[in-house]
Amino acid sequence: MAKLYDLAQRQGKTKDFEVYMLNPQGSLEGWLKEKKLYEAAQEGCVRYALDMGDTQLTRGRRTQLMACVKDVYGKPYIPGSTLKGMLRGILATARLLQDERLRGRLRSELQQHLGERTKRTHYLSQTNRRIEQELFRTLKREHTKWADAVNDELSGLIVSDSEPLEPERLVLAQKVERRVDGEERTLNLLRESLRPGTEICFHLTIDSSRCHETEKSILAAIEIFDEAYNKNFLQVFSGMGRLRPWQVFVGGGSGFVGKTLVYPLLGKQAGLDATVQIFEHTGVPPSHKHKEDKRIGASPHILKCSWYAGRTLQMGLCDFAMERQEL
């Protein structure tokens, strides 16, 4: 950006550049071509270029690009908060499916609030908070209420950011919506994604005085999560197979089912009905056709995928492995 501003300044177009950046009209590419700066910007203002992979963009439509998080040196990495959120969701799923009494109590609470009408950002927020508290606020510290955040046992599950990766490990992955019958539709949405086969390394430290999870229990929880995902959702989609043992979803593009507890709490059929209701109450546009989900047998009825080397791959799907390091 600094070099682009310098280029505009040298070409006497500083004011035009400032006006455009404050209120962009059209694409940056179009603006650069209009001001006859496009070739110079390509030569001197590009930090890096990425492989377009198997993308098939629709001409005439604007393309949206979502960047990967990078450190101060421009190297992509996965934040520890993302990795811990992934593990937290997996552990929550496993605990619910292993404790019928707890699942029944929390299921009733979710069903009680499904019909509420409120802002999209507030919908089920208190219910979700209550479920989190029931699952993880177990420490019972002195002079605190049980629901206080200081009683969250996963405060003892400490997850680092991943080690930084080289920009060459990035590829532009196009959003592909795969339907139950195997039909696929592309959108002009690209994500900077890690190339398949990339190894993401991070450190996971367990403080056993606060957290009772172990390497064995975490791997067992992933197996439970994978089986529930296969049973409640993935098996409906033609030609997608099943998750293998110890596969996880990382990142923002992986979809509703892998990031919520609706299906673990309610089961396949009730979870499908509830998900349709959730989409209705959170203002998802009718054009998404979620009212047809019950007939189709999956909600959402879209699997978020991308293409790479001629294959359809689920977004964010990774193999998970742990290597012990004694302190």
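Residues numbered from 1 in each chain as written. Predicted model: local features only at pLDDT ≥ 70, side-chain atom pairs only at ≥ 80, totals over all residues. Heavy atoms only, no water.

**Student:** Just checking my understanding: could you explain the packing of aromatic side chains for this structure?
**Tutor:** Geometrically, a pair of aromatic rings is defined through the distance of the ring centres and the angle of the planes. Taken as a whole and judged by the stated rule, the model has eight aromatic pairs. Ring geometry for Y5 against F17: centres 5.8 Å apart, planes inclined by 65 degrees, an arrangement best described as edge-to-face. Placement of the pair is Y5 in helix α1 (residues 2-10) and F17 in helix α2 (residues 14-22), with a sequence separation of twelve residues. For F17, a relative accessible area of 4% puts it in the buried group. Through a chain of ring-to-ring contacts, three or more aromatic side chains come together here, namely F225, Y229, F233, F237 and F249. A cation over a ring is seen here: K33 above Y38, with NZ or CZ 4.9 Å from the ring centre. (Phe/Tyr/Trp six-rings, centres within 6.5 Å; stacked < 30°, edge-to-face > 60°. Helix = DSSP H or I, 4+ residues; strand = E, 2+ residues; numbered from the N terminus. Buried < 20%, exposed > 50% of the residue type's maximum accessible area, 1.4 Å probe, protein only. Lys NZ or Arg CZ within 6 Å of the ring centre and 35° of its normal.)

**Student:** Got a minute to help me understand the nonpolar core in this structure?
**Tutor:** One broad trend across soluble globular proteins is that nonpolar side chains are buried collectively. Counting 53 residues, the largest nonpolar core has M86, L135, Y229, F237, L303 and F320 as its most contacted members. Ranked by residue count, the leading element in this core is helix α5 (residues 80-98), at eight residues. Counting nine residues, the second-largest nonpolar core is a separate cluster that includes Y20, W31, L32 and A41. (Core = buried A, V, L, I, M, F, W, Y, C linked by side-chain atoms within 4.5 Å.)

**Student:** Teacher, can you tell me more about the environment of L87 here?
**Tutor:** Looking at the element boundaries, L87 is found in helix α5. For L87, a relative accessible area of 2% gives the class buried. C-alpha of L87 to C-alpha of V248: the two residues are 161 residues apart in sequence and 8.7 Å apart in space. Contacts of L87, omitting those with residues within four sequence positions, involve V159, L204, I218 and F320. (Contact = heavy atoms within 4.5 Å.)

**Student:** Looking at this structure, I do not really get the sheet that holds strand β1 (residues 64-66). What am I missing?
**Tutor:** Strand-to-strand pairing in sheets goes through backbone hydrogen bonds, with the strands running parallel or antiparallel. Taken in spatial order, the five strands of this open sheet run β1-β4-β3-β7-β8, and their pairing is mixed. In the strand order of this sheet, the two ends are held by β1 and β8 (311-314), each with one partner. Neighbour-to-neighbour, the strand axes of the sheet open up by a mean angle of 40 degrees, direction not taken into account. The pairing of strand β7 (residues 302-308) with β8 spans four bridges and is antiparallel. Across the sheet, S306 pairs through a bridge with L313, a residue of β8. (Pairing = 2+ DSSP bridges. Axes fitted to C-alpha atoms, helices over the stretch in contact; angles between N-to-C directions.)

**Student:** Would you take a moment to explain the side chain of Q247 for this structure?
**Tutor:** Mapped onto the fold, Q247 is located in strand β6 (residues 247-249). At a separation of 2.8 Å, a polar atom in the side chain of Q247 contacts the main-chain amide nitrogen of R244. Excluding residues that lie within four positions of it along the chain, Q247 makes contacts with I222, D226, L317, C318 and D319. (Polar contact = N/O pair within 3.5 Å; in protein donor to acceptor, adjacent residues only side chain to side chain.)

**Student:** Would you mind going over helix α8 (residues 215-232) with me for this structure?
**Tutor:** Taking 1.5 Å of rise per residue, the 18 residues of α8 would be expected to cover 26 Å, and the 26 Å separating its terminal C-alpha atoms lies within 8% of that figure. Among all positions of α8, only I218, L219, A221, I222, F225, D226, A228, Y229, N230 and N232 are buried. (Expected span 1.5 Å × (residues − 1).)

**Student:** Any chance you could explain the side chain of T55 here in plain terms?
**Tutor:** Structurally, T55 can be placed in the loop between α4 (38-44) and β1. Of the polar contacts made by the side chain of T55, one reaches the backbone oxygen of M52; its length is 3.0 Å. Each residue touching T55, except ones within four places of it in the same chain, is listed here: L172, Q174 and L190.

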